[in-house]
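Here's the letter readout for the chains.
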Amino acid sequence: MFMTRTALITGITGQDGAYLARLLLEKGYRVFGTYRRLSTPNYWRLHYLGVFDKISLIPADLTDLSSLYRAVETAQPDEVYNLAAQSFVSLSFEQPVGDFMTTGLGVARLLEVVRTTNRSIRFYQASTSELYGRGAGGMQNEQTVFHPSSPYAAAKLYGYWITRYYREHHGIFACNGILFNHESPLRGLEFVTRKITNTVAKIKLGLVKELVMGNLEARRDWGYAPEFVNAMWLMLQQDSPDDYVVATGEAHSVAEFVERAFQAAGLGWRDHVRTDSRFLRPIDVDYLCGDAGLARTRLGWSPMVKFDRLVEIMVQEDIERWQRWQRGEFFHWDALNYESEHNIILSRDRGYGRMG
Amino acid sequence: MPAVPSLATEHVTPVHPVPAFTPFNKFKDGISFTSFTLLLYHLCQVYRISCLTVLCGVLYNALSLSWKMGDVMGKSALITGIAGQDGAYLAELLLEKGYRVCGLDRDVSPSQLWRLRYLGVADKLELAALDMTDTAQVFAAVAERKPDELYHLAAMSVPAWSKERPIGYAEVNGLGAVNLLEAVRCTSPHTRIFMASTVRMLAGGRAVSVQDCRFAPDDPYAIAKLYGYAISCIYRQGYGLFVASGIMSNHESPLRGLDFVTRRISNGAARIKLGLQQVLELGNIEAVHDWGYAPDFVRAMWQMLQQDEPGDYILATGESHSVREFAQKAFALVGLDWRDYVRAGKGEASGGVEIGAAGGLPGWRPSVMFDDIVRLMVEEDLHRWQLHLQGKSFPWDIGGG
């Protein structure tokens, strides 16, 4: 008889949290998720995928060890997926201290809770290709040296190593998934991909005229989030824990993403795109391209959705949403609450630090 | 970065003869300005030299003195972790160079300051309490002083204990680092920052510069320190701060804490010699370390902040020795055979990280090497216990005072 397994997902309200919750429910898991209780609930992704009523939510905060302890005690999970983080790289330059408290120290707190409550819990840590940083070149795999280039990446570096430490010294089944960028229609609007597809959809429908961009030259390896969460699950089903790169193996520039998105909407991009230095990061990672050979051979994982298809999916979905909105339909969605960023003051505007 | 010839193969002659460590009548080279003037005046009375000559002498003296002090005249420095070994030596060095020094530590009550009193610098500093994990307190400490140079030495520094306290180590060593960098960025961006980093975050090998290294932190101490190193690079590149990390191997001295194996051995050998103890228990004596001399290392810290451009440097001697060798030498110095007294445990094999060469910092070389470090430490501990047995009181980490 198959025992019902239980999973605890931190950051269940995010893109990956929502897709992973859906995947695990399909596999028959009981799913618990931690979330930060806010005055404006952030459940739209869970509603969008139709999983909101099938999961249990536990208020918890990565900066509060006791809340994590109670979450683990409540859920009694077989598997813990630590997806919670301050995940937006640009913002980490504004709040480096807070980033370490959550994205870095939060990992150690959660692992410490696992160690002290039930060492047989399998633990997934959301590591990131941002660890490789600027100037990595070539293809990056599990052996490539990390040179983190943002406070976000530095905090994730801590999380990566402390995860390995608990695996090697406490025998916990803990895995780092070094996931390259993974996108979807559930991506947050602060991320460049979704910002592009959402704005392209609005331009298509005549709601706005232009798309204002930062660095168009950055190249990234972009995959499709629903496929990437499958790799997370696979890592925890192996006989022994390890770290895996999850990527498509193709690098494309932001400019290509823009071009392809306008193309998918049947528009030319040159008339609509402007660049503004306020969207540049103090240091930007120039090139990332992952070699997921280990995930392919050991996990049997490989991506189906590549760049062109990914952009199409995202643009089509955003056009459809704005059309539904124009027809007056109600549905859970983020874009109506997200206006422009023109009135956001960044610390560099105030001259903090001598910007390089 | 110019490569320094490997120090691993050649014998390094100390730049200066190694001074005996005698803090009780510690000779300070040079005499004070006032006493020099008084001396001149006295000579003038005795030998009936004209007042003009004396005046010229005084002026010459004053001019040459200020020239010698030169560009460091009036600089200010803030040192976190002032109560530790490096904090004390660095304070001494900077005071000699004419800096105004403010020292911070978690606890600056008199009992914690034995090292500063030992070096005779406790009364020449401004001291204040600081908890590195308290962002507001760190901001205030930097904003109120806006120092020219900031040396961040505060850390929970015993790697072995971090296994029991991973969160605490991450808070002090990791969060503390970013608190400090953020405080400088927001309140005093001209401040030059030295960050104390460790070779324990590296995989070792024959690396000369950190660019050649793989990272392999193996305990929560080193993992938190790796974060501190990474975030320092980001503050330099992203925010343009002058941040320099010294990636240091172990560095020892008679001021080392008793939590560290070197001092445990020197103290144990001294006590056994004097019949105060029969056995010295150690962990894994095969563990190998690159041991340098702490006063050499604080000199490198200062030099790193005097460069034109900020950079990271590996600070090490390039020589590795085992705990067994240390014990052997230490007991031989007091005329004993270590095998009769040392009880070696299993412990973890992971000792230090071997560094092929002390890399790259222009104009810096360690001047005191293994043999002399052992000798200085054992002689000093023997001396202390002898004084203690005579009933003398002095600043020390054991016998009170």
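Right above here is the structure, for reference.
Residues numbered from 1 in each chain as written. Chains lettered and ligands numbered in written order. Predicted model: local features only at pLDDT ≥ 70, side-chain atom pairs only at ≥ 80, totals over all residues. Heavy atoms only, no water.

Undergrad: Can you help me understand the interface of chain A and chain B in this one?
TA: Many analyses report the size of an interface as the accessible area lost when the parts associate. Tallying the contact residues gives 36 residues for chain A and 37 residues for chain B. In this assembly, chain A packs against chain B so that about 3,100 Å² is buried in total across both faces, 68% of it on carbon and sulfur atoms. Where chain A touches chain B, the interface holds one salt bridge. Here A:R109 makes a salt bridge to B:E171, at a shortest N to O gap of 3.9 Å. Taken together, the connections running from chain A to chain B amount to four residue pairs in polar contact (both at pLDDT 80 or more). Secondary-structure elements contributing two or more residues to the side of chain A that touches chain B are α5 (96-117) and α6 (151-170) of chain A. For the side of chain A that touches chain B, the element with the most residues is α6(A), which contributes 11 residues. Residues that form the side of chain A that touches chain B fall into these classes: 23 nonpolar, eight polar and five charged. (Contact = heavy atoms within 4.5 Å. Buried area = accessible area lost by both parts, 1.4 Å probe. Salt bridge = Lys/Arg side-chain N within 4 Å of Asp/Glu carboxyl O. Polar contact = N/O pair within 3.5 Å; in protein donor to acceptor, adjacent residues only side chain to side chain. Helix = DSSP H or I, 4+ residues; strand = E, 2+ residues; numbered from the N terminus. Nonpolar A, V, L, I, M, F, W, Y, C, P; charged D, E, K, R; others polar.)

Undergrad: How do you make sense of empty space enclosed by the protein when you look at a structure like this?
TA: In this approach, a probe sized like a water molecule rolls over the atoms, and the result shows the empty space that is left. Residue and element names in this part refer to chain B. The full count for this structure, using the stated rule, is two cavities of 30 Å³ or more. Empty space within the largest cavity amounts to approximately 70 Å³. Along its surface, the largest cavity is lined by H152, A154, N173, A177, M195, A196, S197, K225, G228, Y229, S232 and S245. Of all the elements in the fold, those that place two or more residues in the lining of the largest cavity are α6 (166-187), β5 (192-198) and α7 (220-239). Ranked by residue count, the leading element in the lining of the largest cavity is α7, at four residues. Looking at the lining of the largest cavity residue by residue, the classes come out as five nonpolar, six polar and one charged. Of the voids in this model, the second largest cavity is the one considered here, and its volume is about 30 Å³. (1 Å grid on protein atoms, 1.4 Å probe; cavity = no way out; pocket = protein on both sides within 12 Å on 5 of 7 lines; lining within 4 Å. Points joined across faces, edges and corners; volume = space filled by probe spheres on them.)

Undergrad: Where do I start with helix α8 (residues 225-235) of chain A in this structure?
TA: For an α-helix, 3.6 residues make a turn, and residues three or four places apart therefore share a direction. Among the 11 residues that make up α8(A), 10 are buried, leaving the element largely enclosed by the rest of the structure. For α8(A), the complete set of buried residues consists of A:A225, A:P226, A:E227, A:F228, A:V229, A:A231, A:M232, A:W233, A:L234 and A:M235. (Buried < 20%, exposed > 50% of the residue type's maximum accessible area, 1.4 Å probe, protein only.)

Undergrad: Sorry, what's going on with the sheet that holds strand β1 (residues 6-10) of chain A here?
TA: Adjacent strands of a sheet form backbone hydrogen bonds with each other and so pair up, either parallel or antiparallel. Residue and element names in this part refer to chain A. Across the sheet, which stays open at both edges, the seven strands sit in the order β3-β2-β1-β4-β5-β6-β11 with parallel pairing between neighbours. Looking at strand neighbours, the two that pair on one side only are β3 (56-59) and β11 (244-246), the edges of this open sheet. Direction aside, neighbouring strands of the sheet carry axes that sit 25° apart on average. As paired strands, β1 and strand β4 (residues 79-82) are joined by four bridges and run parallel to one another. Looking at the pairing, A7 lines up with E79 of β4. Here α5 sits on the sheet in contact with β1, β4 and β5 (122-128), set at roughly 170° to β5. (Pairing = 2+ DSSP bridges. Axes fitted to C-alpha atoms, helices over the stretch in contact; angles between N-to-C directions.)

Undergrad: What's the story with the pairing of β1(A) in this structure? I'm lost.
TA: One face of the sheet, then the other: side chains in a regular strand alternate in exactly this way. Residue and element names in this part refer to chain A. A large share of β1 lies buried, amounting to five of its five residues. The alternating pattern of β1 places T6, L8 and T10 on one face and A7 and I9 on the opposite face, and all of these are buried. In the sheet, β1 pairs with strand β2 (residues 30-35) via five bridges, with the strands oriented parallel. Opposite T10, over in β2, you have T34 as the bridge partner. Taken together, β1, helix α1 (residues 15-26) and β2 form a β-α-β motif whose crossover is right-handed. (Right-handed = clockwise from strand over helix to strand, strands pointing away.)

Undergrad: Where do I start with the packing of aromatic side chains in this structure?
TA: The geometry of an aromatic ring pair comes down to the distance between the two centres and the angle between the two planes. All names here are of chain A. Summed over all chains, the structure comprises 32 aromatic pairs over all chains. On the numbers, 5.8 Å between centres and 35° between planes, the contact of Y132 with F180 is tilted. You can see Y132 sitting in the loop between β5 and α6 and its partner F180 sitting in the loop between β6 (174-179) and β7 (182-183), a full 48 residues away along the chain. On the basis of relative accessibility, which here comes to 0%, the residue Y132 falls in the buried class. Exposure remark for F180: the relative accessible area of 0% places this residue in the buried category. Ring geometry for W322 and W325: centres 5.2 Å apart, planes at 85°, overall edge-to-face. With W322 and W325 both in helix α11 (residues 307-326) and three residues apart, the pair spans about one turn of that helix. Its relative accessible area of 35% is what places W325 among the partly exposed residues. Grouping aromatic residues by their ring pairs yields a cluster made of Y132, F146, Y160, W161 and F180. Geometry around F279 places R278 over its ring, the cationic atom sitting 5.8 Å from the centre. (Phe/Tyr/Trp six-rings, centres within 6.5 Å; stacked < 30°, edge-to-face > 60°. Lys NZ or Arg CZ within 6 Å of the ring centre and 35° of its normal.)

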